[in-house]
Amino acid sequence: INHIVHNGGLYKRPFNEAFEETPMLVAVLTYVGYGVLTLFGYLRDFMRQWKIEKCQNATEREEQKDFVPLYQDFENFYNRNLYMRIRDSWNRPICSVPGAKVDMMERVSHDYNWTFTYTGRVIKDIINMGSYNYLGFAQKSGTCQEAAAKVLSQYGAGVCSTRQEMGNLDKHEELEKLVARFLGVESAMAYGMGFATNSMNIPALVGKGCLILSDELNHASLVLGARLSGATIRIFKHNNMQSLEKLLKDAIVHGQPRTRRPWKKILILVEGIYSMEGSIVRLPEVIALKKKYKSYLYLDEAHSIGALGPNGRGVVDYFGLNPEDVDVMMGTFTKSFGAAGGYIGGKKELIDYLRTYSHSAVYATSLSPPVVEQIITSMKCIMGEDGTTVGKARVQQLAENTRYFRRRLKEMGFIIYGNEDSPVVPLMLYMPAKIGAFGREMLKRNIGVVVVGFPATPIIESRARFCLSAAHTKEMLDTALKEINEVGDLLQLKYSRHRLVPLLDRPFDETTYEETED
């Protein structure tokens with residue numbers, strides 16, 4: 001599906017992104033599955049209440065029954081009766097570097113996942129298809145590890161202060177200059193936590209009287225930051241430019257509710273790669289709309305920085321756009337760089353303002369020196385400043401792995417979401433019973449995968465999510481594909497009828513959701 005034709009020459013490359021329609025029978029059976037689980041959940045709650053079945057969930061103490069309840073029993077119905085049945089698919093303890101292969105501690109449950117015990121056995125060499133180790137820099141040997149170890153011996157592990165007090169090291173200054181150069185912006189600032197980079201900086205940029213236009217599938221950190229800001233929030237349909245333009249038009253025409261004054265600022269919040277859908281933002285169109293309606297753009301490149309573009313510089317590089325067209329460039333070091341923390345890049349005035357007014361900058365402890373060195377070394381490797389072509393080769397290897405893995409899964413007959421260049425690959429499972437079954441069956445075959453269900457996804461769109469890495473060899477991918485194919489046949493997961501629906505043509509509801517200024 002080539003969208004160049006549809007968008008007036010905004011795209012310099014094919015933009016192939018599609019979401020196959022859920023088969024009607026599968027959708028019906030998925031709802032029936034949840035219905036059956038809910039009925040049995042009520043039955044088990046009844047049995048627990050009458051002491052027929054042992055009650056293991058948290059409850060109010062008898063002597064506190066007359067107090068205002070601290071624990072809302074009904075709200076935990078889903079956790080108690082649905083999530084608990086497949087809880088063994090999450091929080092699996094890893095005891096090695098999260099590279100292309102991992103070691104995992106074996107655990108068992110004798111009470112249907114309410115508690116776990118460790119057997120003492122370690123499951124070795126599980127192919128890791130779940131970590132965000134896009135460029136393979138999560139490793140225990142090599143130049144990054146050696147550089148980080150050297151800095152650890154020189155600076156220690158912690159800084160014990162904020163950047164504004166005694167925690168501003170020369171390494172932090174070096175990192176920020178390097179990040180600004182890598183992104184092609186005037187200035188940048190680094191933070192100790194990726195989630196807080198969004199949640200604590202958005203409130204510093206917008207407030208009451210401002211409007212935030214947010215993609216409906218934005219990450220929880222963007223949602224929290226938007227809510228903390230006190231600005232009015234309106235949601236547009238995922239990656240749907242007609243929906244976004246309608247909201248922009250309405251915002252310009254009608255202004256603020258009741259007073260009809262113009263909005264102080266209009267800020268568009270989008271991500272580079274959406275981590276549950278595997279889709280890539282339509283950045284050329286978003287920038288065109290932003291310029292047309294004189295709004296600001298906040299781009300979260302947590303998953304795309306390092307993983308997209310010929311030079312690994314994210315979604316801006318991928319589309320061949322000018323970084324100056326993005327007002328706030330945010331990203332994290334936790335994925336492609338194998339480290340921790342986040343950054344914001346942009347004009348010098350913006351970064352100087354955030355140094356003073358951002359809660360993350362003023363109150364948070366500085367980045368750990370060995371972590372900083374890991375980021376610096378890996379970033380220089382990607383840029384080719386280490387005197388080798390290793391970084392560029394890793395970026396190219398990731399792109400090849402991504403296209404190969406996606407193509408093979410589609411050929412097998414699975415429904416795969418997202419863009420053909422996205423290293424996040426969601427494979428649709430749909431039915432609740434198949435969430436746990438897929439994770440367990442893959443682990444039996446020494447493949448570690450992430451499975452996701454409601455409420456992290458829509459109720460009928462449960463999925464397994466694979467994250468590809470440059471560290472994956474073709475042999476590893478072929479082994480994983482062989483096992484996925486086998487499990488797909490076993491669990492009857494090959495739903496695809498090759499009825500691909502281009503995202504551009506997906507219908508959208510014109511309803512907008514608004515949080516009042518009050």
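Because the structure is predicted, anything quoted here is derived from the model rather than measured.

## A closer look at unusual backbone geometry
Turning to step 1, where the next piece is worked out: Here the amide bond leading from Phe 454 into Pro 455 is cis, since omega sits at 10 degrees, within 30 degrees of zero.
Turning to step 2, where the next piece is worked out: Within the fold, Pro 455 resides in the loop between strand E14 (450-452) and strand E15 (462-467).
Turning to step 3, where the next piece is worked out: A positive phi angle is found at Asn 91, which is not glycine, with a value near 55 degrees.
Turning to step 4, where the next piece is worked out: By relative accessible area, which is 61% here, Asn 91 ends up exposed.
Turning to step 5, where the next piece is worked out: Residues other than glycine seldom take positive phi values, yet Asn 113 does so here, at roughly 75 degrees.
Turning to step 6, where the next piece is worked out: Among the secondary structure elements, Asn 113 is positioned in the loop between strand E2 (101-108) and strand E3 (117-128).

## What to know about the UniProt feature "transmembrane region" (unreviewed entry) in the protein chain
Turning to step 1, where the next piece is worked out: Per the UniProt annotation, the sites labelled "transmembrane region" (unreviewed entry) are residues 24-43.
Turning to step 2, where the next piece is worked out: The straight-line gap between the two end C-alpha atoms of residues 24-43 is 29 Å; of that span, 100% is helix and 0% is strand.

## Regarding the nonpolar core
Turning to step 1, where the next piece is worked out: Among the nonpolar cores identified, the biggest contains 104 residues, and Met 129, Phe 405, Leu 409, Phe 438 and Phe 466 are the most heavily contacted of them.
Turning to step 2, where the next piece is worked out: When residues are assigned to domains, this core turns out to be shared by domain 1 (22-128 + 392-501) and domain 2 (162-383), each giving three or more.
Turning to step 3, where the next piece is worked out: Once residues within four sequence positions are removed from consideration, Leu 409 is found in contact with Phe 414, Ile 416, Val 425, Leu 427, Phe 466, Leu 481 and Ile 484.

## Some points on helix H1 (residues 24-49)
Turning to step 1, where the next piece is worked out: Its 26 residues place the ends of H1 38 Å apart at the C-alpha level, agreeing with the 38 Å of an ideal helix rising 1.5 Å per residue.
Turning to step 2, where the next piece is worked out: Those residues of H1 lying buried are Val 26, Ala 27, Thr 30, Tyr 34, Gly 41, Asp 45 and Arg 48.
Turning to step 3, where the next piece is worked out: On its buried face, H1 is in contact with helix H2 (77-81), strand E12 (424-430), helix H14 (432-444) and E15.
Turning to step 4, where the next piece is worked out: Positioned one or two residues after H1, Lys 51 has a phi angle of 60 degrees, which is positive.

## What about the domain arrangement of the protein chain?
Turning to step 1, where the next piece is worked out: Domain boundaries assigned for the protein chain yield domain 1 (22-128 + 392-501) and domain 2 (162-383).
Turning to step 2, where the next piece is worked out: Placing the centre of domain 1 and that of domain 2 at their C-alpha centroids yields a distance of 30 Å.
Turning to step 3, where the next piece is worked out: Contact with domain 1, which involves 17 residues of that partner, is made by 18 residues of domain 2.
Turning to step 4, where the next piece is worked out: Here domain 1 and domain 2 share an interface that buries about 1300 Å² over both sides, 55% of which is from carbon and sulfur atoms.
Turning to step 5, where the next piece is worked out: Here domain 1 and domain 2 share one salt bridge between them.
Turning to step 6, where the next piece is worked out: Our count for the contact surface shared by domain 1 and domain 2 stands at nine residue pairs in polar contact (both at pLDDT 80 or more).
Turning to step 7, where the next piece is worked out: Every element with two or more residues in the side of domain 1 that touches domain 2 is listed here: helix H13 (390-412), strand E11 (418-419), E12 and E15.
Turning to step 8, where the next piece is worked out: Of all the elements, H13 adds the most residues to the side of domain 1 that touches domain 2, at four residues.
Turning to step 9, where the next piece is worked out: Residues of the side of domain 1 that touches domain 2, tallied by class, amount to eight nonpolar, four polar and five charged.

## Quick notes on the environment of Gly 453
Turning to step 1, where the next piece is worked out: Topologically, Gly 453 is positioned in the loop between E14 and E15.
Turning to step 2, where the next piece is worked out: Its relative accessible area of 11% is what places Gly 453 among the buried residues.
Turning to step 3, where the next piece is worked out: Sequence separation between Gly 453 and Met 431 is 22 residues, and the spatial gap between their C-alpha atoms is 9.2 Å.
Turning to step 4, where the next piece is worked out: Beyond its immediate sequence surroundings of up to four residues, Gly 453 is in contact with Ile 435 and Ser 462.

## Some details on a positive patch on the surface
Turning to step 1, where the next piece is worked out: Among the surface-exposed residues, Lys 208, Arg 258, Arg 261 and Lys 264 lie close enough to one another that they form a single positively charged patch.
Turning to step 2, where the next piece is worked out: Tracing the sequence through the fold places Arg 258 in the loop between helix H7 (241-254) and strand E7 (266-271).

Cut-off values and rules
- Residues numbered from 1 in each chain as written.
- Predicted model: local features only at pLDDT ≥ 70, side-chain atom pairs only at ≥ 80, totals over all residues.
- Heavy atoms only, no water.
- Helix = DSSP H or I, 4+ residues; strand = E, 2+ residues; numbered from the N terminus.
- Buried < 20%, exposed > 50% of the residue type's maximum accessible area, 1.4 Å probe, protein only.
- UniProt positions renumbered as here; feature names shortened; annotations may be inferred.
- Core = buried A, V, L, I, M, F, W, Y, C linked by side-chain atoms within 4.5 Å.
- Domains from an automatic or database assignment.
- Contact = heavy atoms within 4.5 Å.
- Expected span 1.5 Å × (residues − 1).
- Buried area = accessible area lost by both parts, 1.4 Å probe.
- Salt bridge = Lys/Arg side-chain N within 4 Å of Asp/Glu carboxyl O.
- Polar contact = N/O pair within 3.5 Å; in protein donor to acceptor, adjacent residues only side chain to side chain.
- Nonpolar A, V, L, I, M, F, W, Y, C, P; charged D, E, K, R; others polar.
- Patch = residues over 30% accessible without salt bridge, like charges linked within 9 Å, V, L, I, M, F, W, Y side chains within 5 Å.
- Areas by Shrake-Rupley, 256 points an atom, 1.4 Å probe, with all protein chains shown as cover.
- Lys, Arg positive; Asp, Glu negative; His and termini not counted.
- Charge placed at Lys NZ, Arg CZ, Asp CG, Glu CD.

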